[in-house]
Amino acid sequence: MSNDLKTDRSYTMADKDSIVIEDDITDAMAAPSPAKSIGDPGITPLSPTHILKDSEENEPAGHSFIVVVAIDFGTTSSGYAYAFTKEPECIHTMRRWEGGDPGVSNQKTPTTILLTPDKKFHSFGYAARDFYHDLDPTESKQWLYLEKFKMKLHTTANLSIDTDLHAANGKRVKALDIFAYALAFFKEQALKELSDQAGAEFDNADVRWVITVPAIWKMPAKQFMREAAYKAGLASRENPEQLIIALEPEAASIYCRKLRLHQMIDLGSKTSINGYSPTENVGAGMTQAKEHVRRNRQSRTFLVENVIGELWSELNEGDRYVVVDCGGGTVDLTVHQIRMPEGHLKELYKASGGPYGSIGIDYEFEKLLCKIFGQDFIDQFKIKRPAAWVDLMIAFESRKRAAAPDRTNPLNINLPFSFIDYYKKFRGHSVEHALRKSNVDFVKWSSQGMLRMNPDAMNALFKPTIDHIIQHLTDLFDKPEVTDIKFLFLVGGFAESPLLQKAVQDMLQGRSRVIIPHDVGLTILKGAVLFGLDPGVIKVRRSPLTYGVGVLNRFVEGKHPPEKMLVKDGTRWCTDVFDTFIATDQSVALGETVKRSYTPAKPSQQVIVIHVYCSEKESVTFISDPGVRKCGTLRLDVSGTESPAARREIQTLMQFGDTEIRAMAVDVATSRSVKASIDFLSQ
């Protein structure tokens with residue numbers, strides 16, 4: 001018998017076919033719960049009457065919100081936008097921020113946060129950066145400054161409520177606190193702006209909040225965002241539907257449907273668009289577009305056509321397009337298909353992508369500095385002069401944006417005085433000497449005290465990140481589901497890069513038209529507002545993983561491995577069988593549910609806890625298969641639903657068609673709803 005079946009497992013008889021295996025946690029929870037037999041996948045869309053009944057039972061009377069506020073919480077920059085439900089065609093982007101960098105449009109604010117030495121929230125965005133920068137170096141070491149921290153949610157393998165982040169001075173802080181502080185900041189800003197507009201205190205209960213996350217994020221990261229939002233007071237566990245999690249490329253897709261021809265650049269076309277004469281140069285159209293946007297920026301209100309945009313009118317039933325969302329931290333690819341007549345969207349291939357955002361270029365720059373000045377010096381400098389390091393990266397940021405395929409003149413990067421000074425103390429010779437001595441070509445010292453980078457050197461910093469993106473796109477376009485793509489929408493802040501634009505065009509070789517919306521950094525924000533106004537617009541999604549639970553099935557000679565056999569009360573069972581709820585890349589319609597029935601082992605049992613497993617593979621036989629991991633727990637609180645029935649049956653409905661996985665449950669005998677929750681954060 002397999003050694004993982006110790007006596008602390010408990011089993012209960014089910015229908016006669018299969019039993020759910022559940023670990024004993026305490027005596028009160030010590031019950032397995034029988035599951036349906038594997039034969040019936042149990043995925044049945046509910047009839048409308050059933051849905052109505054469920055929503056009446058499980059949700060409080062639907063609150064009608066006055067306004068939808070979307071927060072685009074980005075790796076490098078963040079912002080919010082809103083629309084009143086009575087005027088859904090007017091999207092207002094947030095007030096302008098103070099501060100701002102040369103050469104960077106400041107419609108959004110940097111995702112930077114500053115805490116006082118005793119870990120209290122001080123400021124966010126430009127204000128945080130400027131205050132931190134102005135602190136005396138001895139003082140700044142005590143303050144906690146964080147930037148680019150969102151990626152931690154993507155890269156942490158076993159994310160939990162207790163996951164830590166490191167501030168610039170090396171001190172640790174709880175990630176949940178930082179995310180909650182940031183969301184609370186946006187909540188306060190948005191409510192203040194709404195109150196000023198309304199001329200009276202605006203009540204949070206009247207706001208539906210939308211927070212955007214990358215589509216490639218796993219469930220723990222999405223749940224973490226929700227927990228942070230609860231902590232920040234945007235919504236509450238009692239009122240979860242006040243907050244919607246939106247997927248970034250989906251939001252972009254929804255916005256791109258509304259585009260008029262004058263609101264975008266068609267990279268492939270050489271015809272006049274936006275009333276500008278076209279040039280062969282990719283970057284020039286973008287520069288003109290930015291100018292066009294800047295002129296229109298005086299008004300922060302965007303009018304969205306409630307009809308379908310002109311570009312969209314070229315799409316027919318069944319046409320496919322790809323949205324490539326290139327942000328600071330991640331690149332997210334989504335493939336959508338049009339469903340007429342309402343123009344609803346259907347996802348054709350599960351979201352893919354990876355950590356190939358524009359901060360990859362910053363890391364390459366850092367590697368270059370380490371090569372020239374030595375890793376030991378750079379590590380020391382970051383800790384000892386954290387504010388000066390931030391300065392140096394800001395200087396690099398504006399030059400990074402000037403990189404272009406056809407650029408011939410060098411790019412100058414200002415080195416902060418304290419860098420030059422500290423280097424001399426550290427090494428005993430000058431920065432200039434280090435540059436001469438290092439065998440890094442293309443980077444020279446200019447007499448004005450700057451690093452002078454040849455354009456090839458700058459382009460080389462972009463190469464690893466862009467190569468990753470292009471490789472990913474190439475793989476995606478090789479998939480059978482991804483043929484005949486009419487448009488490729490390039491969105492997100494990194495989409496402004498002419499180097500990236502050219503690489504995407506070269507890869508496609510005219511297979512699809514490349515479209516870039518004008519205000520490309522705000523595309524997701526505006527789309528997220530539209531999504532909050534109508535969350536049902538995406539009708540079919542693809543499951544990113546295979547999900548299921550472990551059950552015992554009747555042992556079948558020749559089919560089941562002998563080491564999985566367990567004899568219980570004279571019956572032979574096969575253990576560890578994976579009961580699939582949904583398979584990876586399977587289509588799931590919005591509102592479609594997976595049904596399973598579970599029975600408490602003992603009449604006195606208060607809670608049923610069932611482990612949920614997941615895998616990237618499509619077909620999984622056993623929970624012990626390679627690549628299968630425990631990813632969450634389904635918890636059914638059956639206290640207070642005791643019934644005279646000899647065998648209580650708890651029917652569980654799980655929804656996989658939304659941006660988050662949800663569970664509902666009902667006691668079949670009494671029709672009373674049972675509190676059900678799925679938890680994906682490591683305990």
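Given the structure is predicted, the values throughout are model-derived calculations rather than measurements. Every residue gets a number counted from 1 within its own chain, in the order that chain's sequence is written. pLDDT decides what is reported in this predicted model: residues at 70 or higher carry local features, side-chain atom pairs at 80 or more are listed and counted, and totals for whole chains, interfaces and linings draw on all residues regardless. Side-chain numbers come from the whole structure's heavy atoms, not from hydrogens or water.

**Focus on the overall build of the protein**
Working step 1: Every helix listed is a DSSP run of H or I at least four residues long, and every strand listed is a run of E at least two residues long, numbered separately from the N terminus. Counting its secondary structure elements, the protein contains 16 helices and 36 strands.
Working step 2: Contacts spanning at least 24 positions in sequence make up 70% of the contacts within the protein whose residues lie at least 6 apart.
Working step 3: For the area figures, the Shrake-Rupley method with a 1.4 Å probe applies, and any residue is considered shielded solely by the protein chains shown. Surface summary for the protein: the accessible area is close to 28,800 Å², and the carbon and sulfur share equals 51%. Any pair of residues with heavy atoms lying within 4.5 Å of one another is described as a contacting pair.

**Points about the packing of helix α9 (residues 359–373) against helix α14 (residues 455–477)**
Two quantities define a packed helix pair, namely the angle between the helix axes and the distance between the axes.
Working step 1: The geometry of α9 relative to α14 is characterised by a closest axis approach of 8 Å and an angle of 135 degrees between their N-to-C directions. Taken together, the axes of α9 and α14 lie oblique to each other. When the axes of α9 and α14 are compared, the crossing they make is right-handed. The residues of α14 that touch α9, namely those facing G360, I361, E364, F365 and L368, are L461, F462, P464 and T465. Axis angles are defined between N-to-C directions and span 0 to 180 degrees, where every axis is a line fitted to C-alpha atoms and, for a helix, only to the segment in contact. Should an angle lie under 35 degrees it is considered roughly parallel, over 145 roughly antiparallel, and from 65 to 115 roughly perpendicular; all remaining angles are considered oblique. The crossing is said to be left-handed when, going from far helix to near helix, the turn is anticlockwise and less than a right angle, and right-handed when the turn is clockwise.

**Observations concerning the pairing of strand β5 (residues 67–73)**
Working step 1: Think of it in three bands: residues with accessible area under 20% of the maximum for their type are buried, residues over 50% are exposed, and the middle band is partly exposed, with areas taken using a 1.4 Å probe on protein chains only. Among the seven residues that make up β5, seven are buried, leaving the element largely enclosed by the rest of the structure.
Working step 2: What you see with β5 is no split at all: V67, V69, I71 and F73 on one side and V68, A70 and D72 on the other are buried throughout.
Working step 3: The sheet contact formed by β5 and strand β6 (residues 77–84) spans seven bridges and is antiparallel. Bridging across to β6, D72 finds its partner in G79.
Working step 4: Hairpin connection of β5 to β6: three residues between the antiparallel strands. At least two DSSP bridges between two strands are needed for those strands to be called paired.

**Brief notes about the environment of L165**
Working step 1: Tracing the backbone through its elements, the reader meets L165 in strand β12 (residues 164–166).
Working step 2: Since its relative accessible area comes to 3%, L165 is described here as buried.

**Examining the pattern of salt bridges**
Working step 1: By convention in these notes, a salt bridge is any Lys or Arg side-chain nitrogen within 4 Å of a carboxyl oxygen on Asp or Glu. Counted by the stated rule, this structure contains 27 salt bridges.
Working step 2: Linking K367 and E364 is a salt bridge whose minimum nitrogen-to-oxygen distance equals 3.0 Å. Taken as a pair, K367 and E364 lie in helix α9 at a separation of three residues, close to a single helical turn.
Working step 3: When its relative accessible area of 52% is taken as the criterion, K367 is described as exposed.

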